[in-house]
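# Chains, contacts and geometry: an overview
As a plain string of letters, each chain reads:
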Amino acid sequence: GDGAEADDADAPDADAADAADTATAAAVPPPPSKVRRMGLVTTLGFGIAAAVAAALMGGGFWAFGDRCDGFILNNFPTSDRLAQLARLAVGSSVVCTYPFVFFGLRDGALALAGAERASGATRLATTLGLLSVVVALALVLTDLGLVVAVSGALLSSAILYVVPPAMFSRVLGARIRAARAAGLRATRRDRAERALAWFTVALGFFFAGIGTWTSLT
């Protein structure tokens, strides 16, 4: 009995020690070799994605010029069998992947509302409500090019310029606070990188606004 009580009394201290170790580990920067490998992988990934996107856009413009439709397959005649197969592939991709995308949308909406542990009835109501909004927009919006342009301006800017530097800024902020708590002064590099990260976030909002305005006008 006394041993169990002693173990229970020591449990909070152990949890506090684990939390302190975790915070300390989070404040310690990764080894330079891992940073270089991460930089190389990120650069190659974005570079390959940009090259593929540029090749596809260039090929579409080379084939149809300024008559390119927002959905490029609409430029091909309905009798083109390869275009028919491509339409079938795109349709199958949308049908098969939509549940995964919608699952993230629904859980994100519930998380923003503070209802991560919502009941089954609440999840069902949220699913029906979001689907109703999506279907209503699909019935009203007939210009796929406009939808792609606006969503691309907003989502691309968020993914490229807003979310990554915002996350990086939080990491730097934790490192700066840890240094101050230890009685040390934050390095000039950390402060400069954090300022640059927030500048990139502001630049992303600027690009999103310009892209949306250009698409709508």
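Heads up: the structure comes first, above all this text.
What you are looking at is a predicted structure, and each value in this text was computed from that prediction instead of being measured.

What follows is about helix 2 (residues 32–64). Helical periodicity: at 3.6 residues per turn, an α-helix aligns residues three or four positions apart in one direction. In a regular helix each residue adds 1.5 Å, so 33 residues correspond to 48 Å; helix 2 covers 48 Å between its end C-alpha atoms and thus fits that length. One or two steps after helix 2, the chain reaches glycine 65, where phi turns positive at roughly 65 degrees.

Before going further, it helps to spend a moment on the environment of leucine 105. Mapped onto the elements, leucine 105 comes out in helix 3 (residues 81–112). What makes leucine 105 partly exposed here is its relative accessible area of 41%. Spatially, the C-alpha atom of leucine 105 lies 8.6 Å from that of leucine 130, the residues being 25 residues apart in sequence.

Take a positive patch on the surface next. Together, Arg180, Arg185, Arg188 and Arg191 make up a positively charged patch on the protein surface. As for its position among the elements, arginine 191 is in helix 6 (residues 188–216).

In this section: the pattern of salt bridges. Evaluated as defined, the whole model comprises four salt bridges. Residue aspartate 190 pairs with arginine 175 through a salt bridge whose shortest N-O separation is 3.1 Å. Taken together, the residues span a long stretch of sequence, with aspartate 190 in helix 6 and arginine 175 in helix 5 (residues 144–181) at a distance of 15 residues. On the basis of relative accessible area, aspartate 190 is assigned to the buried category, the value being 8%. Overall, arginine 175 belongs to the partly exposed group, its relative accessible area being 22%.

Procedures and definitions
- Residues numbered from 1 in each chain as written.
- Predicted model: local features only at pLDDT ≥ 70, side-chain atom pairs only at ≥ 80, totals over all residues.
- Heavy atoms only, no water.
- Helix = DSSP H or I, 4+ residues; strand = E, 2+ residues; numbered from the N terminus.
- Expected span 1.5 Å × (residues − 1).
- Buried < 20%, exposed > 50% of the residue type's maximum accessible area, 1.4 Å probe, protein only.
- Patch = residues over 30% accessible without salt bridge, like charges linked within 9 Å, V, L, I, M, F, W, Y side chains within 5 Å.
- Areas by Shrake-Rupley, 256 points an atom, 1.4 Å probe, with all protein chains shown as cover.
- Salt bridge = Lys/Arg side-chain N within 4 Å of Asp/Glu carboxyl O.
- Lys, Arg positive; Asp, Glu negative; His and termini not counted.
- Charge placed at Lys NZ, Arg CZ, Asp CG, Glu CD.

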